[in-house]
Amino acid sequence: GGDGLGEGLSSQGLANTFRSFAVLQYLPDFSVMKKMVEALVDEADNATAQSLCVSLWSFASLKFTPDVEALDAFHQRVSQMLEIGKLSPQHIGNILWSYGTLSYDPEEGFVALALDHLRRRMDSFS
C-alpha cells in the first residue's frame, strides 16, 4: 500500500538512488527514506552484494540509521553472502565501515569471520 515510493525499483535501482543521495549529501524527508528502506528490505533476499554494500555505505555517509529490523534484514543477507564467499574485500571493508559508522553491532563472530576472509584473500596475493 502507501504512495508507492520505492515500489517497483529493484535492489540495484534503490541502491543507485541511495548512492546518488549520498554523493549529493542530500537526505530526503524521513518518510521518503523509510519507504525506500522498506522497499529494500522487501528485496533483501534477492539483493546482490553490491546493492546492499552501496546502500549501507550510503546510509552511513548520510548519517541516516535505518531501524534495527531493516539493518538486521540486510545483515542476514550479508552474512549469507560472506559464508558462501560472495563478498569482495571492498564489500567487506565498506560493510564494516558502515556498521561502525551506524553503530550497528552484528552478531558475535561476524567481524572475526569477515577479517578472516580478508586475510585469506590477502594471503592469496602474496
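Preceding this section is the structure that the text describes.
These notes cover the structure that comes with them. (Residues numbered from 1 in each chain as written. Predicted model: local features only at pLDDT ≥ 70, side-chain atom pairs only at ≥ 80, totals over all residues. Heavy atoms only, no water.)

1. A look at unusual backbone geometry
Inclusion rule: The secondary structure listing takes helices from DSSP runs of H or I that are at least 4 residues long and strands from runs of E that are at least 2 residues long, numbered from the N terminus.
Unusually for a residue other than glycine, Gln25 sits at a positive phi of about 50 degrees. Among the secondary structure elements, Gln25 is positioned in the loop between helix H1 (11-24) and helix H2 (30-43). Phi is positive for Lys63, which is not a glycine, with a value near 55 degrees. As for its position among the elements, Lys63 is in the loop between helix H3 (49-62) and helix H4 (68-83).

2. Overview of the nonpolar core
Rules: To qualify as a nonpolar core, a set must consist of buried Ala, Val, Leu, Ile, Met, Phe, Trp, Tyr and Cys residues joined through side-chain atoms within 4.5 Å. Burial classes follow relative accessibility: with a 1.4 Å probe on protein chains only, a residue under 20% of its type's maximum area counts as buried, one over 50% as exposed, and anything between as partly exposed. The contact criterion used is simple: two residues touch if any of their non-hydrogen atoms lie within 4.5 Å.
Counting 34 residues, the largest nonpolar core has Phe18, Leu56, Phe59, Phe74, Val78 and Leu87 as the members making the most contacts within it. Only H1, H2, H3, H4, helix H5 (89-101) and helix H6 (110-123) provide two or more residues apiece to this core. By residue number, the principal contributor to this core is H3, which donates 7 residues. If we ignore the near neighbours within four places in the chain, the residues touching Phe74 are Val37, Leu40, Val41, Ala44, Leu52, Leu56 and Phe59.

Geometric descriptors of this kind do not, in isolation, establish any biological role.
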